[in-house]
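An overview of the molecular structure
These are the residues of each chain, in order.
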Amino acid sequence: QVRLVESGGGLVQPGGSLRLSCAASGSIFVINTMGWYRQAPGKQRELVAFVTSGDNTNYVDSVKGRFTISRDNAKNTVYLQMNSLKPEDTAVYLCNADVQVRRWGGDTYNYWGQGTQVTVSS
């Protein structure tokens, strides 16, 4: 069993910064791609950024230059550094990961965290 737990959300002013963390725990052999999604009320879930096991990163256009995704494989943790935050960044941010579990055969499964609220408002 694998669990993803997000942290670091909160209320910030426009132009402020916030760093989100997502820690994976459980029967993990290796984590492949890790990413962050966000979903605001009335809007479709959106992929914000992801990072591969080879540290290749991708971002949605609206956050390029402002957000940075990174990972610490020793801690099974992915981070999202968010700078120059805008009100439109307000959403529940959800962690997602493809995890190869510790069992013979090495099946890979996709897991979701429960989300952390980010609110950007003055």
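Residues numbered from 1 in each chain as written. Predicted model: local features only at pLDDT ≥ 70, side-chain atom pairs only at ≥ 80, totals over all residues. Heavy atoms only, no water.

Quick notes on the side chain of R71
- Mapped onto the secondary structure, R71 falls in strand 7 (residues 67–72).
- At 4.9 Å, D55 is the nearest oppositely charged side chain to R71, a buried residue that forms no salt bridge.
- A distance of 2.8 Å separates the side chain of R71 from the backbone oxygen of I31, its partner in a polar contact.
- For R71, the residues in contact, after removing those within four places along its chain, are I31, N32, T33, M34, V51, T52, S53, D55, T77 and V78. (Helix = DSSP H or I, 4+ residues; strand = E, 2+ residues; numbered from the N terminus. Buried < 20%, exposed > 50% of the residue type's maximum accessible area, 1.4 Å probe, protein only. Lys, Arg positive; Asp, Glu negative; His and termini not counted. Salt bridge = Lys/Arg side-chain N within 4 Å of Asp/Glu carboxyl O. Polar contact = N/O pair within 3.5 Å; in protein donor to acceptor, adjacent residues only side chain to side chain. Contact = heavy atoms within 4.5 Å.)

Considerations on the state of the cysteines
- Scanning all chains against the criterion turns up one disulfide.
- With a sulfur-sulfur separation of 2.1 Å, C22 is cross-linked through a disulfide to C95. Negative torsions about the S-S bond denote left-handed disulfides, and the value of about -85° found for C22 with C95 makes this one left-handed. With a gap of 73 residues between them, C22 in strand 3 (residues 18–26) and C95 in strand 9 (residues 91–101) connect regions that are remote in the sequence. (Disulfide = S-S within 2.5 Å.)

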